[in-house]
Structures are given as C-alpha cells and as structure tokens.
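# A closer look at the structure
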Amino acid sequence: MAIYLTKESKVLVQGMTGAEGMKHTRRMLAAGTDVVGGVNPRKAGRTVDFDNRTVPVFGSVREGIERTGADVTVVFVPPAFAEAAVVEAADAGVGLAVVITEGIPVHDSVALTAHARAKGTRVIGPNCPGLITPGQSNAGIIPPDITKPGRIGLVSKSGTLTYQLMYELRDIGFSTCVGIGGDPVVGTSHIDCLAAFEDDPDTELIVLIGEIGGDAEERAAAHIRAHVTKPVVAYIAGFTAPEGRTMGHAGAIVSGSSGTARAKKEALESVGVRVGSTPTETARHVLQALDVPGGAAPDGAARDGARA
C-alpha cells in the first residue's frame, strides 16, 4: 500500500521541456513512474525521447488528461507562472499536483492552494522535493535509489533530511515518503499525512521531520494525541538557531519561545513521540520502536548530521 502515489498513477509534467523538467522526468521514468506526457503550449504536438520512452507534449493539462487519463501533475514551471499552472491543473480535474517550484510569492501560494482545495486537488508543496512510493512511483526530485519498499511512512518539511532518513533506514524501507515543503503556506500538512499513514495498513511506523518556525509540529502533536495509534518518531531541525532569525526555509522564523525546536520537541514528547537529537539518533529510535535487533542504524549509514 501507499499514500497519494502508486504504480497506477499516471503523471503529467508541467514544464517538462525545460532543463530541470527534462532532467527529473528522465529520473522519474528510470524509477518506474508512468510519465504519460508533458505540458507546454508552445511545444504542443511534439514528442521527447527519454532513453527507452517517447513522451508526448500537450498544449494543456486538460488535453493531457483527456488523451492519457493522467491523475497527477508535477510542476517545474518558473515562480511567476506557478499559480497559473496549478489553477489550470485543478480546473482540469487533476487529483494531485506536486509543486517543486521554489520562490513562489506567498500571496500566489495562498491563491493556488485555496483554488486547488476548492476544486478537490491535493497540492504537495510548493518548494518541495515531491513524494516517492519506493518500487512504485516517484513524483518530483527525490533520489529513488537510496531506499526500498518497506513499512515506514515519512513526512518531512526538509528535502535534505528526507533523503538522509531514507538512507539511514534503507534496510527497512518506506511505504511512502512525502516532502511537504518548508514554505509558510503549503497545500499538504503534517496532519494530512499523519491521517493518511494512520489509515494505510502497510505503514507500521511514522517518521515526522519538522523544523523551527510556525506551529505545524505543535498542531501535529495535538492530532497525534487524538487520532494516531501507530508509533511516531520525530526529528526537529534548528536547535542551535538564534532567536529572531530566518533560517533556511522561508517558514523557519522564530520569535521568542514560539516556534523553537525545544518547544516543538516538548510538544511531541508530551504525546509519546520519540524525538531524536540528530538524524542518526532518530533512525535508532525507529529501529528500537520496530524491535529491530541492535536498535542502531544500519552498517554504513550516513554519519550523524549536524544539528541544523
């Protein structure tokens, strides 16, 4: 099982003919993703060869859906055009829009996420690495070869930490890994993913990666207390960040005690979540919770990351 993305998902790539779109479409195809088309109004009717797959380019998302039955779009368009791209996809009836683009103005993110929600389209991102169901499908830029299918569900604000935990826990593997993005406004929250993983019969444990700024992790803790029965392990990036500074993601702003790593850690621990002080310690908590002999990270795992 998986959440949001499976081997049956048919994927369009908005911006496929650009440099980033081309590079990551090739990687998605290599991971087994069923990429059925690209979207570029100026190049409609052309095809693009990717190794052993020829992918058509459509003039609109609606045309792509009508011709292929696509239900997922991955957005690689420049920031100025991202809102229009997601609105087009939502209006065409796509079920899942994965917005990789970073640097989207906040007011555009508010508009695109609200419009998508009203149309019944789930947005992952913006400014995210996407999501991967190992062995089935990969929508975005997550490296597909650092883990395998397994029983852990992962939801993360941070792309880099997503990759590290995937690697450290590669011997157990993952049901689905979702990078929700670290901007102040995102379409899918920790809570959304926690609920989906709770309902997934093949996810035995959930890893939650957060970071300083905002109150998303505190709200996730309240949801865990009320609704989650599966074990949850967490890591919060930003313990050494100075107060009042913007660190990394646009959403990572700390003011006083609000949004600090310590406050988030305390909120999660108060509902029974094990919180690691480093990514590798977090991986050890996972192994212990799953009763893996030794309770230590696999041989050759990445060394402890510095506290972000």
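Residues numbered from 1 in each chain as written. Predicted model: local features only at pLDDT ≥ 70, side-chain atom pairs only at ≥ 80, totals over all residues. Heavy atoms only, no water.

## Concerning the packing of helix α2 (residues 61-68) against helix α3 (residues 79-92)
Between two packed helices, what matters for the description is the angle formed by their axes and the separation of those axes. Running from N to C, α2 and α3 point in directions that differ by 40 degrees, and their axes come no closer than 8 Å. For the element pair α2 / α3, the angle class is oblique. The chirality of how α2 crosses α3 is right-handed. Across the interface between the two elements, V61, R62 and I65 from α2 touch E88, A89, D91 and A92 from α3. (Axes fitted to C-alpha atoms, helices over the stretch in contact; angles between N-to-C directions. Helix = DSSP H or I, 4+ residues; strand = E, 2+ residues; numbered from the N terminus. Parallel < 35°, antiparallel > 145°, perpendicular 65-115°, else oblique. Left-handed = near helix turned anticlockwise from the far one by under 90°. Contact = heavy atoms within 4.5 Å.)

## Overview of the environment of I132
Structurally, I132 can be placed in strand β8 (residues 130-133). The class of I132 is buried, set by a relative accessible area of 2%. For the pair I132 and A31, spaced 101 residues apart in sequence, the C-alpha separation works out to 9.5 Å. (Buried < 20%, exposed > 50% of the residue type's maximum accessible area, 1.4 Å probe, protein only.)

## Regarding the sheet that holds strand β10 (residues 149-156)
Ordered in space as β9-β8-β11-β10-β12-β13-β14, the seven strands form an open sheet in which the pairing is mixed. The sheet is open, and its two edges are formed by β9 (137-140) and β14 (274-276), each paired on a single side. This sheet shows a mean twist of 15 degrees between the axes of neighbouring strands, independent of strand direction. Inspection of the sheet shows β10 paired to strand β12 (residues 205-211) by five bridges, in the parallel sense. Residue I152 lies in a different strand from β12, and its bridge partner there is L205. Sheet contacts for helix α8 (residues 261-269): β12, β13 (232-237) and β14; angle to β13, the most-contacted strand, approximately 175 degrees. Along the sheet, helix α9 (residues 279-289) makes contact with β10, β12, β13 and β14, crossing β14 at roughly 150 degrees. (Pairing = 2+ DSSP bridges.)

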